[in-house]
Amino acid sequence: MSKTVITSSGNTLTSKFDKRFGRAEFFCLLDEATGQTSFIANEFKDANHGAGTKAAEFMVEQQVNKIISGDFGPKAKELLEKFDVQMVILQEELTIQAIVDRISKK
Amino acid sequence: MSYNIAIASGKGGTGKTTVSVSLFQTLRKELGGDVVLVDCDVEEPNDALFFANAKLLHNNEIKQRIPIIHTDKCTFCRKCVEYCEFNAVVVMPSVEFAEVNASLCHSCGACLVACQFDAITETEQLIGQVNHYDTGLIEGKLTVGSAMQTMLVKELKKHIPANKLLVLLDAPPGTSCQVVETVSDADYVILVTEPTPFGLHDLKLMVQLLREIGKPFGVVVNKSGLGNEEVYQFLDDDGIDLLGNIPINKLFASNYAKGDLLNNIPLEIASVVNQFTHKIMLNLGL
């Protein structure tokens, strides 16, 4: 099973892709095998410190394999690398649906 | 009890160092060793550059306590994570991982209190040093790579001798925590600005900050003749004390660039410095 997270600005498939990782509004969890998606609010988005670290911690705990975001800060990157979470950087203006479609077409 | 005067600006490059060093030099003629200059711009202290013959008397290493989590004792209960206000503790039970991120840690010790399994101990990490010069200059210097500016400013202030009449605190630029820490126990703040839109914008931020924390202040306009008149209008409208107006002067600027700020001072500038020095002394009742 491959668990993918796409950072999202809202909690629906029509929401825009959020280019921030630690401070993304929502995380869209996508099961690449079944195409099923669910959305989780990012509880650390307004943290004064360490939002990226906390988001990375959450990803590892959720056993996420791949994250699609606009970029990753150095502290988050270090943690995600340590636990072999693949980081994919996208810089396009897209909806979550468009990204999901792109993955399923592969 | 010493009087503390902080020199701050908001915008960088307006002339905090020029004003601090000139003020210090002028006051030293009157007060001798009773005045100290403290360079609180710990990321890039430069006051010492203008005292070429200053000798370093001694220095203190400033260390930060960083907790270490021993995973052999850790039960991954995450209580320390809950206690940490700064999100510096990462504990992931599923992979038996527990670590403190030193660059987020503020050394508050809460995680040590949280841990009931003796899994956390502390180690020390150098964050900077405090240098004491024979000219009455004290400077804080942050270790490259450390992000603990505010902590270093706090420690730096503890090293200021208590028996001085006057302490001049040269603040870092901006309006962030390290600036707040620098001005927090000042009796008076001199704001240095330049008559440009950017200078005015950041001056307003600094004015807001000082009003919020209730500090009396006055403004020195540096590089007068540059930009526009808006800053004067602002000072007038807000009833802010204009302490002095340092004219823009190429010779003065090139002397500064050579580290020769205190020699061959143009007369028009020397008189402004004398003027605002006395004005500040009067304001403080000295």
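Only a predicted model underlies this, so the values are computations on that prediction, with no experimental measurement involved. (Residues numbered from 1 in each chain as written. Chains lettered and ligands numbered in written order. Predicted model: local features only at pLDDT ≥ 70, side-chain atom pairs only at ≥ 80, totals over all residues. Heavy atoms only, no water.)

K.L.:
Can you break down the packing of helix α1 (residues 16-31) of chain B against helix α9 (residues 267-284) of chain B residue by residue, with the values?
P.N.:
Residues and elements named next belong to chain B. Relative orientation of the contacting elements α1 and α9 amounts to 70 degrees, with a least axis distance of 10 Å. Compared by their axis directions, α1 and α9 come out roughly perpendicular. Each of V19, S22, L23, T26, L27 and E30 in α1 lies in contact with α9, whose residues at this interface are V273, N274, F276, T277, H278, I280 and M281. Among the residues forming the contact of α1 with α9, the class breakdown is seven nonpolar, five polar and one charged. (Axes fitted to C-alpha atoms, helices over the stretch in contact; angles between N-to-C directions. Helix = DSSP H or I, 4+ residues; strand = E, 2+ residues; numbered from the N terminus. Parallel < 35°, antiparallel > 145°, perpendicular 65-115°, else oblique. Contact = heavy atoms within 4.5 Å. Nonpolar A, V, L, I, M, F, W, Y, C, P; charged D, E, K, R; others polar.)

K.L.:
Residue-level account of the interface of chain B and chain A, with values.
P.N.:
Contact residues are listed per partner, giving 18 residues for chain B and 12 residues for chain A. Taken over both partners, the interface formed by chain B and chain A buries close to 1300 Å², and the fraction arising from carbon and sulfur atoms is 61%. Of all residues in chain B, B:N87, B:M92 and B:L104 bury the most surface against chain A, accounting for 38% of the area lost on that side. Viewed at the interface, chain A and chain B are joined by two salt bridges. Notably, a salt bridge pairs B:R78 with A:E57, separated by 3.3 Å at the nearest N-O pair. (Buried area = accessible area lost by both parts, 1.4 Å probe. Salt bridge = Lys/Arg side-chain N within 4 Å of Asp/Glu carboxyl O.)

K.L.:
Describe in detail the sheet that holds strand β2 (residues 35-39) of chain B, supporting the description with residues and values.
P.N.:
Sheets are built from strands that pair by backbone hydrogen bonding, the pairs being arranged parallel or antiparallel. Residues and elements named next belong to chain B. Here we have nine strands laid out as an open sheet, ordered β3-β6-β7-β2-β8-β1-β9-β10-β11, and mixed in their pairing. Each having just a single partner strand, β3 (56-69) and β11 (242-247) make up the two edges of the open sheet. Strand-to-strand twist in this sheet, taken as the mean axis angle between neighbours without regard to direction, amounts to 20 degrees. Relative to strand β7 (residues 137-142), β2 runs parallel, the two being bridged by three bridges. Across the sheet, the residue bridging to D39 is E139, located in β7. Sitting on the sheet, α1 is in contact with β1 (3-8), β2, β8 (166-170), β9 (188-193), β10 (217-224) and β11, with an inclination near 165 degrees to β8. Running at roughly 155 degrees to β7, helix α4 (residues 149-158) makes contact with β2, β3, β6 (120-133) and β7 of the sheet. (Pairing = 2+ DSSP bridges.)

K.L.:
Describe the packing of aromatic side chains, and please don't skip the residues or the numbers.
P.N.:
Counted according to the given criterion, the structure contains six aromatic pairs over all chains. Aromatic side chains A:F21 and A:F27 sit 6.3 Å apart centroid to centroid with 45 degrees between the ring planes, which places their arrangement in the tilted category. An angle of 20 degrees between the planes, with centres 6.0 Å apart, marks the rings of A:F27 and A:F58 as stacked. Placement of the pair is A:F27 in strand β2 (residues 26-31) and A:F58 in helix α1 (residues 51-61), with a sequence separation of 31 residues. Take A:F27: its relative accessible area is 3%, and that puts it in the buried class. Among the aromatic residues, ring-to-ring pairing joins A:F21, A:F27, A:F58 and A:F72 into one connected group. When the ring centre of B:F198 is taken as reference, the NZ or CZ atom of B:K11 above it lies at 5.3 Å. (Phe/Tyr/Trp six-rings, centres within 6.5 Å; stacked < 30°, edge-to-face > 60°. Buried < 20%, exposed > 50% of the residue type's maximum accessible area, 1.4 Å probe, protein only. Lys NZ or Arg CZ within 6 Å of the ring centre and 35° of its normal.)

K.L.:
Residues and numbers for the sheet that holds strand β1 (residues 3-8) of chain A, please.
P.N.:
Residues and elements named next belong to chain A. Taken in spatial order, the five strands make up an open sheet running β3-β2-β1-β4-β5, and their pairing is mixed. The strands lining the two open edges of the sheet, one partner per strand, are β3 (37-41) and β5 (86-89). With direction set aside, neighbouring strand axes in the sheet form an average angle of 25 degrees. Pairing of β1 with β2 involves six bridges; the strand directions are antiparallel. Paired with V5 across the bridge in β2 is L29. Where α1 meets the sheet, it contacts β1, β2, β3 and β4 (66-69), and its direction lies at approximately 20 degrees from that of β2. Where helix α3 (residues 96-105) meets the sheet, it contacts β1, β2, β3 and β4, and its direction lies at approximately 155 degrees from that of β1.

K.L.:
Describe the nonpolar core, with residues and values.
P.N.:
Where a protein is soluble and globular, its nonpolar side chains tend to be buried together. All names here are of chain B. Counting residues in hydrophobic clusters, the biggest one holds 39 residues, and the most contacted among them are V38, V189, L191, L203 and M206. When residues of this core are assigned to their parent elements, the largest contribution, six residues, is made by helix α6 (residues 197-213). Sequence-distant contacts of L203, that is, excluding residues within four places in its chain, are made with S9, L191, T193, V219, V231, F234 and L235. Counting 33 residues, the second largest nonpolar core, distinct from the first, contains V21, Y133, I190 and F252. (Core = buried A, V, L, I, M, F, W, Y, C linked by side-chain atoms within 4.5 Å.)

K.L.:
Run through the pattern of salt bridges, naming residues and quoting values.
P.N.:
Residues and elements named next belong to chain B. One pass over the full model with this rule turns up 19 salt bridges over all chains. Of the charged contacts in the structure, one is a salt bridge between E194 and K11, with a shortest N-O distance of 3.4 Å. Of this pair, E194 sits in the loop between β9 and α6 while K11 sits in the loop between β1 and α1, and the two are 183 residues apart along the sequence. One salt bridge connects D241 with K279, and the closest N-O pair in it is separated by 3.5 Å. Note that D241 is positioned in the loop between α7 (230-237) and β11 and K279 in helix α9, a separation of 38 residues in sequence.

Honestly, that's just the spatial picture; any functional story needs more than this.
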